[in-house]
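Spelled out, the chains give:
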Amino acid sequence: MLPPVTILHTISPCYNTVSPSYNTTYCIPKASNYDIFFSTHNLFFIFYVLLLIHASGGVLKYQSNLEEHPPGCHHLNRTKKDYIPLTDTFGEQLPEMSSGTVSGQEELLIKNASERICTKQPVFQPHFPETWLWISGPLCLYCAERLYRFIRSSKPVNVTSVIHHPCNVVEIRMTKENFKARPGQYIILHCPRVSSLENHPFTMTMCPKETNGVFAIHMKVVGDWTERLCNLLEADSSQRTENLPIFQKRKIPKIYIDGPFGSPSEEVLNYEVSLCVAGGIGVTPFASILNQLLDSWKHYKLQRLYFVWICRDIQAFLWFADLLCELHKKLWQGNRPDYLNIQLYLSQADGMQKIIGNKYQALNSRLLIGRPCWKPLFDEIAKSNRQKSVGVFCCGPKGLSKDLHKLCNNPNSYGTTFEYNKESFS
C-alpha cells in the first residue's frame, strides 16, 4: 500500500516573484487606474455600516400571535365541520360523509383543518436588529489588526544601497529598527511619492540577522509603479551599478514597509529533504533561504536541498550567482558537498552558453540547455530518500506549478511522500 500524497496548496502574494493574489480578476489590478480600484474596494466599510443600521427602522417584522393564528390559516373560526370535500383522481367529488362513518383520508383532512383553526388576525411586531451581534466582533478584530499594521508601518526605512542587476532588476537594501523576519517571508512596500494608495508585496531576498540588520528585496522593473520607484531611487544615470553615496541618501524618497508576512517558503528548512523550483525572478523566496544557509546551515532540520532554477536569459543567473558560489564553496569546505544539489536551466538558447566569469565555474558545470525532465528527477529523489517526506516548493508560472503538482500526486514504489507547496505566479 503506497503512502498518500500530502498537498499543501498555499498561495502567497509576492509582487517581485509572484503577483498578489487578490480576489479579483487578473486584469483589474494591472490597470492604470489602480488608485480608483483600491478606493472602491475599500468602500466595504460603508456596506457594513449600512448593514448594521438597515433593520433599526423596523423594516423586518415577525408574527407574535402564532397560537391564535398559526401559519397556513386563511379563514377565521374554522371548525371540523368546515372541511373541504375530497375529490378522486378524475375530479369527481367523493360521497358526503355520514354522521357515523368517515374514511381515513377524510379524517386526515378534518384533522389538518382542525389544527389550523385561527381565532384572530395575524399581528406583526418589528424584529429587534441582531446583525451587530454577528459582525461587530469580527469588525473590531479587523480594525484592531489594521491599527496595529498602521502603527507598525508608520516609520520609514533607511535605504542603505540600491544596486542594479542584469535583466532590469534592482536590489534595494534597507534597515529598520527592531525589524525581524524569517527566510521566505515577504513585506509590503509603500512609497507615497510614487502613489498615495498603491503598494506591492515583495519577497525578501536577505533577512536581518543579529549581527547585521540589513534586509533586501529584488524588484523587477515592469510597470508604471516600479519604473517610478526606480527613477526616484536612482541618484545619477552614471551610477546604475553602484551603491548610493552617503551624501546622496537625502534624495531618496521615504519608503514604508508593512510586515513581515508568512509564505509557504518558510517551511523549506523544516524538511529533511526539500526541492525548490524557481522560474526566472521567482527565485527570490529561495534566495533568502540560501542566504540563511550561508550564515549557518548546521542548525536546521534540512539535510539535503535540491535547487532548480530556470531562466530565459543567461544574464539572469547573475542575480544570485555570487551567493550560489559562496554557499557551494562553504559546503565543500565543511565536507558536505552533497548538501546542495544545484541545477540551472537556460530555456532559450541557440547553443552552449556559459556564465561569464572565472569564479562561476562551479555554476557552469551545472548549467544545462533546455527544460528539466521532471519525471527522472522525482524518481531520483524518491529513490535516494525512501520512506521520507520531501517538501516540494515552487515559485514560477502556472504551467510549471501544474506539472509539479501532478508529479507530487503520482505514486512511487519507494514509499516517498512529496508534499507540494506553491506560491502564485501570474
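- An unreviewed UniProt entry lists the protein under the name NADPH oxidase 4, from Pelobates cultripes.

**A word on the packing of helix 6 (residues 284-295) against helix 7 (residues 321-333)**
Move 1: Orientation of helix 6 relative to helix 7, taken along the N-to-C sense of each, is 35 degrees, at an axis distance of 10 Å. Regarding helix 6 and helix 7, the two cross each other, and that crossing is left-handed. Packed against helix 6, whose contacting residues are Ala287, Leu290, Asn291, Leu293, Leu294 and Asp295, the element helix 7 presents Leu323, Leu324, Glu326, Leu327 and Lys330 at the interface.

**So, helix 10 (residues 398-409)**
Move 1: A rise of 1.5 Å per residue sets the reference length of helix 10, with its 12 residues, at 16 Å; its end C-alpha atoms lie 17 Å apart and thus fit the reference within 8%.
Move 2: Structurally, helix 10 contributes buried residues whose contacts are with strand 9 (273-279), strand 10 (304-311), helix 9 (374-384), strand 13 (389-395) and strand 14 (417-423).

**With respect to the pattern of salt bridges**
Move 1: All told, the structure shown has 10 salt bridges when counted by the stated rule.
Move 2: A salt bridge links aspartate 322 to lysine 359, with the shortest nitrogen-to-oxygen separation between them at 3.2 Å. Linking aspartate 322 in helix 7 with lysine 359 in the loop between strand 11 (340-346) and helix 8 (361-364), this pair joins segments that are 37 residues apart in sequence.
Move 3: Its relative accessible area of 34% is what places aspartate 322 among the partly exposed residues.
Move 4: A salt bridge links aspartate 379 to lysine 375; its shortest N-O distance comes to 3.0 Å. Of the two residues, aspartate 379 and lysine 375 both sit in helix 9, four residues apart, roughly one turn of that helix.
Move 5: For aspartate 379, a relative accessible area of 33% puts it in the partly exposed group.
Move 6: What makes lysine 375 partly exposed here is its relative accessible area of 45%.
Move 7: Connected via shared salt-bridge partners are Glu145, Arg149, Arg152 and Asp258.

**A short note on the sheet that holds strand 10**
Move 1: Sheet architecture is open: six strands sit in the order 12-11-10-9-13-14, paired in parallel fashion. On the outer flanks of this sheet lie strand 12 (367-369) and strand 14, each paired with one strand and no other. In this sheet, neighbouring strand axes are inclined to one another by 20 degrees on average, regardless of whether the strands run parallel or antiparallel.
Move 2: Here strand 11 pairs with strand 12 via three bridges, running parallel. Directly across from leucine 346, in strand 12, lies its bridge partner isoleucine 369.
Move 3: The strands touched by helix 9 are strand 9, strand 10, strand 11, strand 13 and strand 14; relative to strand 10, the strand with the most contacts, the crossing angle is about 170 degrees.
Move 4: Its contacts with the sheet place helix 10 against strand 9, strand 10, strand 13 and strand 14, and it is angled at close to 160 degrees to strand 14.

**Some words on the packing of aromatic side chains**
Move 1: Per the counting criterion, the structure on display carries 12 aromatic pairs.
Move 2: A ring pair is formed by phenylalanine 307 and tryptophan 309, whose centres lie 6.3 Å apart and whose planes are at 55 degrees; its orientation type is tilted.
Move 3: Taken together, Phe307, Trp309, Phe317, Trp319 and Phe320 form an aromatic cluster joined through their ring pairs.
Move 4: A cation over an aromatic ring shows up here: arginine 152 above the ring of phenylalanine 261, its NZ or CZ 5.5 Å from the ring centre.

**With respect to the packing of helix 2 (residues 44-53) against helix 4 (residues 131-152)**
Move 1: Across the interface, helix 2 lies against helix 4 with an axial gap of 10 Å and an inter-helix angle of 150 degrees. When the axes of helix 2 and helix 4 are compared, the pair comes out roughly antiparallel. For helix 2 against helix 4, the interelement crossing comes out left-handed. Between helix 2, through Phe44, Tyr48, Leu51 and Leu52, and helix 4, the contact on the second element is made entirely by Thr131, Trp132, Ile135, Leu139 and Tyr142.
Move 2: Looking at side-chain class alone, the contact of helix 2 with helix 4 contains eight nonpolar, one polar and no charged residues.

**Quick notes on the nonpolar core**
Move 1: Ranked by internal contacts, the top residues of the largest apolar core, which has 41 residues, are Leu293, Phe307, Trp309, Phe317, Leu344 and Leu363.
Move 2: Broken down by secondary-structure element, the contributors of at least two residues to this core are strand 9, helix 6, strand 10, helix 7, strand 11 and strand 13.
Move 3: Of the residues forming this core, the biggest block, six residues, is contributed by helix 7.
Move 4: In contact with leucine 344, not counting residues within four places along its chain, are Phe307, Trp309, Phe317, Leu324, Ile355, Leu363, Arg366, Leu367 and Leu368.
Move 5: Formed by 26 residues, the second largest nonpolar core is a distinct cluster that contains Val162, Leu189, Met204 and Leu233.

What counts as what
- Residues numbered from 1 in each chain as written.
- Predicted model: local features only at pLDDT ≥ 70, side-chain atom pairs only at ≥ 80, totals over all residues.
- Heavy atoms only, no water.
- Axes fitted to C-alpha atoms, helices over the stretch in contact; angles between N-to-C directions.
- Helix = DSSP H or I, 4+ residues; strand = E, 2+ residues; numbered from the N terminus.
- Left-handed = near helix turned anticlockwise from the far one by under 90°.
- Contact = heavy atoms within 4.5 Å.
- Expected span 1.5 Å × (residues − 1).
- Salt bridge = Lys/Arg side-chain N within 4 Å of Asp/Glu carboxyl O.
- Buried < 20%, exposed > 50% of the residue type's maximum accessible area, 1.4 Å probe, protein only.
- Pairing = 2+ DSSP bridges.
- Phe/Tyr/Trp six-rings, centres within 6.5 Å; stacked < 30°, edge-to-face > 60°.
- Lys NZ or Arg CZ within 6 Å of the ring centre and 35° of its normal.
- Parallel < 35°, antiparallel > 145°, perpendicular 65-115°, else oblique.
- Nonpolar A, V, L, I, M, F, W, Y, C, P; charged D, E, K, R; others polar.
- Core = buried A, V, L, I, M, F, W, Y, C linked by side-chain atoms within 4.5 Å.

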